[in-house]
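Residues per chain are reported as follows:
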Amino acid sequence: MTSPDYKRILLKLSGEVLMGEQDYGIDPAYVAELAREVKAAKDTGLEICLVIGGGNIFRGMAGAAQGMDRAQADYMGMLATVMNALAMQNALEQLGVQTRVQSAIQMDAVCEPVIRRRAERHLEKGRVVIFAAGVGAPYFTTDSGAALRAAEMRCDALFKGTSVDGIYDSDPKKNPDAKRFDTVGYGQVLANNLRVMDASAVALCRDNDIPIVVFSIREKGNLARVLAGEGVQTIVTEPENEEA
Ligand code: UDP
């Protein structure tokens with residue numbers, strides 16, 4: 001595979017990768033590891049937008065399953081993403097990387113509101129912009145927030161760093177013969193309900209021609225390899241862009 005020419009990317013990290021080996025919450029040592037990966041990517045000259053989930057702290061669906069009002073639980077989930085964003089901001093700034101957090105739920109004492117033009121300016125100045133609180137509305141996930149910000153910031157691709165090294169035709173934890181795709185069409189992901197991102201996020205990427213690169217962020221140095229077009233990954237794209 002040739003090295004893709006990315007200038008600006010959106011990196012989406014699941015909240016669970018911030019837990020490290022813990023079962024819950026934030027492991028500062030592991031967040032520092034992730035920050036080193038982000039810094040290495042930034043040092044290659046890339047402009048980086050970051051979106052971090054909140055699943056390591058709270059998910060609205062889990063709250064709803066236990067009897068909570070879904071919307072109320074989702075707002076709690078969005079607040080969890082702000083905590084993760086602040087943890088990552090701290091880790092990046094300890095490495096000397098300038099960052100700004102912009103939240104879709106306004107909270108002036110801790111971060112900026114989402115203002116696209118201001119975010120543009122931050123990127124031009126070499127800052128990493130961390131977008132928090134998803135789309136700012138319940139019944140969505142941070143995957144949709146990531147797709148939305150990737151579209152409005154005109155990112156060349158959405159990189160989804162997670163615990164799995166790509167998209168499989170069945171659950172690799174349950175089926176040892178599960179096959180990983182190198183590339184797969186948006187349509188196939190949606191039609192076969194391949195669990196990679198929620199459908200609204202995939203559709204938004206499809207409609208705006210944003211490739212989705214799914215890879216494992218748990219392996220050291222993997223982000224750099226994947227950005228160079230190497231390493232294990234699955235790229236979601238239009239079928240005509242898929243490799244033979
Ligand atoms: N959430 C929401 N709207 C959004 C983004 C997030 O309601 O636009 C809530 C939702 O409850 C979700 C939680 O925040 O479960 C944490 O985000 P997510 O599950 O996407 O985190 P991840 O799985 O990436 O860690």
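Relevant structure appears above.
What counts and what doesn't
- Residues numbered from 1 in each chain as written.
- Predicted model: local features only at pLDDT ≥ 70, side-chain atom pairs only at ≥ 80, totals over all residues.
- Heavy atoms only, no water.
- Axes fitted to C-alpha atoms, helices over the stretch in contact; angles between N-to-C directions.
- Helix = DSSP H or I, 4+ residues; strand = E, 2+ residues; numbered from the N terminus.
- Left-handed = near helix turned anticlockwise from the far one by under 90°.
- Contact = heavy atoms within 4.5 Å.
- Nonpolar A, V, L, I, M, F, W, Y, C, P; charged D, E, K, R; others polar.
- Salt bridge = Lys/Arg side-chain N within 4 Å of Asp/Glu carboxyl O.
- Buried < 20%, exposed > 50% of the residue type's maximum accessible area, 1.4 Å probe, protein only.
- Phe/Tyr/Trp six-rings, centres within 6.5 Å; stacked < 30°, edge-to-face > 60°.
- Pairing = 2+ DSSP bridges.
- Near = heavy atom within 4 Å.
- Polar contact = N/O pair within 3.5 Å; in protein donor to acceptor, adjacent residues only side chain to side chain.
- Areas by Shrake-Rupley, 256 points an atom, 1.4 Å probe, with all protein chains shown as cover.

(A) Region of interest: the packing of helix α1 (residues 28-42) against helix α3 (residues 70-94). Direction vectors running N to C along α1 and α3 enclose 65°, while the axes themselves pass 9 Å from each other. Pair α1 / α3 crosses with right-handed handedness. Here α1 contributes V31, A32, L34, A35, V38 and K39 to the contact with α3, which in turn contributes A87, M88, A91 and L92. Grouping the amino acids of the contact of α1 with α3 by side-chain chemistry returns nine nonpolar, no polar and one charged.

(B) Geometry of the pattern of salt bridges. Using the criterion set out here, one finds 17 salt bridges in the structure. Ionic pairing is found between K174 and D171, a salt bridge with its closest N-O pair at 3.9 Å. On the accessibility criterion, D171 (36% relative accessible area) is partly exposed. One connected set of salt bridges, linked through shared partners, spans R8, E47, E120 and R154.

(C) Here's a closer look at the packing of aromatic side chains. Enumeration according to the criterion identifies two aromatic pairs in this entry. Between Y6 and F159 the ring centres are 5.1 Å apart and the planes differ by 85°, which places this aromatic pair in the edge-to-face class. With a gap of 153 residues between them, Y6 in the segment before β1 (8-13) and F159 in strand β6 (residues 157-162) connect regions that are remote in the sequence. In this structure Y6 comes out as buried when scored by relative accessible area, which is 18%. Take F159: its relative accessible area is 0%, and that puts it in the buried class. In this structure an aromatic cluster arises from ring pairing among Y6, F159 and F215.

(D) Region of the structure containing the pairing of strand β5 (residues 128-132). Most of β5 is tucked away, with five of its five residues classed as buried. Here β5 shows two buried faces, one formed by V128, I130 and A132 and the other by V129 and F131. Note that strand β2 (residues 47-52) and β5 share three bridges and pair parallel. Its bridge partner being in β5, L50 is matched across the sheet by I130. Pairing of strand β3 (residues 99-103) with β5, which is carried by five bridges, proceeds in the parallel orientation. Bridge pairing in β5 places Q102 opposite F131.

(E) Region of the structure containing the site of the ligand. As a matter of local geometry, the ligand sits amid 20 residues, with G15, R59, D74, A137 and T142 nearest to it. A distance of 2.7 Å separates an oxygen atom of the ligand from a polar backbone atom of G15. Backbone polar atom of G60 to an oxygen atom of the ligand: 2.8 Å apart, as the coordinates give it. Protein chains shield 93% of the accessible area of the ligand, which is 520 Å² for the free molecule. For the shell around the ligand, the element with the most residues is α3, which contributes three residues. Within the shell around the ligand, the residues separate by chemical class into six nonpolar, eleven polar and three charged.

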